[in-house]
Amino acid sequence: MTGPAPATILVQPAGGADLDSVMAIMTQAFDPRFGEAWTRPQCAGILPMYGVSMMLASLGDTPVGFSLSRTVAGESELLLLGVAPDWRARGIGTALVDSFIAHSRQSGARFLHLEVRDGNSALGLYRRAGFRLVGRRHNYYRGTDGQQFDALTMALDV
Ligand SMILES: CC(C)(COP(=O)(O)OP(=O)(O)OC[C@H]1O[C@@H](n2cnc3c(N)ncnc32)[C@H](O)[C@@H]1OP(=O)(O)O)[C@@H](O)C(=O)NCCC(=O)NCCS
């Protein structure tokens, strides 16, 4: 017996026309306790800036994840990464990080970096992609309940 082939993860460059999809994922993906989600005006405002890239991951016709990054002067920063909760643990986050690395290289970056809250489940994903810990800012993030978290800076030479 044969069933439908599993949908492959498609990661494609996105733009202003994709902001509805990105914001729908953003709203679900980020825990409001940490205030890490960006607003629509913040996203719309950064999109036209030099070196900014947004990527949308889809399974079939369904947008399921996105990344936002910026490449300037040989350095690339992963600003945001989010996957809708219903679609996690299928490799979508990994596909988005892989596409960030590939796109950054193509754009001339040789040094990639990102900042992540200590304890974030994304840490394992970043480590597996080759990012190493290069900095720690103590108690940089404060949750809505007052709990403080370190900010970790991770970097990768490509
Ligand atoms: C972090 C985040 C992007 C990961 O997305 P994801 O699509 O679940 O990522 P992946 O599926 O590639 O990897 C997640 C885990 O599933 C595992 N996995 C991947 N494919 C899998 C599969 N087919 N079957 C089972 N497990 C799988 C990975 O090994 C990984 O394991 P880990 O938790 O031990 O690291 C997502 O959890 C998220 O949106 N979090 C909230 C936003 C956030 O904090 N973003 C990061 C800071 S900006």
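Just so it is clear, the model here is predicted, and its values are computed rather than measured.

Visitor: Could you clarify how one ought to interpret the sheet that holds strand 4 (residues 75-83) in this entry?
Guide: Each strand in a sheet pairs with its neighbour through backbone hydrogen bonds, running either in the same direction (parallel) or in the opposite one (antiparallel). Read across the open sheet, the seven strands follow the order 1-2-3-4-5-7-6; overall the sheet is mixed. Of all strands in the sheet, those bounded by a partner on one side alone are strand 1 (9-14) and strand 6 (132-142). For this sheet, the mean inter-axis angle between neighbouring strands, taken without regard to orientation, is 25 degrees. Pairing analysis gives seven bridges linking strand 5 (residues 111-117) to strand 7 (residues 148-157), with the strands arranged antiparallel. Opposite leucine 112, over in strand 7, you have leucine 156 as the bridge partner. Strands in contact with helix 1 (residues 19-29) are strand 2 (52-59), strand 3 (62-72) and strand 4; relative to strand 3, the strand with the most contacts, it is inclined by about 100 degrees. Contacts from helix 3 (residues 92-106) reach strand 1, strand 2, strand 3, strand 4, strand 5 and strand 7, with the element oriented near 160 degrees to strand 4.

Visitor: Just checking my understanding: could you explain the nonpolar core for this structure?
Guide: Side chains of nonpolar character tend, in soluble globular proteins, to be buried together. If you look at the biggest cluster of nonpolar residues, it comprises 24 residues, and the most contacted ones within it are Tyr126 and Phe131. Looking at this core, the elements that each hand over two or more residues are strand 2, strand 4, helix 3, strand 5, helix 4 (122-128) and strand 7. No other element matches the five residues that helix 3 contributes to this core. Excluding residues that lie within four positions of it along the chain, phenylalanine 131 makes contacts with Val97, Phe100, Ile101, Leu112, His113, Leu114, Tyr126, Met154, Ala155 and Leu156. Counting residues in each nonpolar core, the second largest holds 18 residues, with Val22, Ile25, Leu68 and Ala84 among its members.

Visitor: Any chance you could explain the packing of aromatic side chains here in plain terms?
Guide: When we look at a pair of aromatic rings, we describe it by the centre distance and by the angle of the planes. Per the counting criterion, the structure on display carries three aromatic pairs. Look at tyrosine 140 and tyrosine 141: their rings are 5.4 Å apart centre to centre, the planes differ by 85 degrees, and that puts the pair in the edge-to-face class. The cationic tip of arginine 117 hangs over the ring face of phenylalanine 34; the distance from NZ or CZ to the ring centre is 3.5 Å. Over the aromatic face of phenylalanine 149 sits the side chain of arginine 117, whose NZ or CZ is 5.6 Å from the ring centroid.

Analysis parameters
Residues numbered from 1 in each chain as written. Predicted model: local features only at pLDDT ≥ 70, side-chain atom pairs only at ≥ 80, totals over all residues. Heavy atoms only, no water. Pairing = 2+ DSSP bridges. Helix = DSSP H or I, 4+ residues; strand = E, 2+ residues; numbered from the N terminus. Axes fitted to C-alpha atoms, helices over the stretch in contact; angles between N-to-C directions. Contact = heavy atoms within 4.5 Å. Core = buried A, V, L, I, M, F, W, Y, C linked by side-chain atoms within 4.5 Å. Buried < 20%, exposed > 50% of the residue type's maximum accessible area, 1.4 Å probe, protein only. Phe/Tyr/Trp six-rings, centres within 6.5 Å; stacked < 30°, edge-to-face > 60°. Lys NZ or Arg CZ within 6 Å of the ring centre and 35° of its normal.

That is the geometry; function is a separate question.
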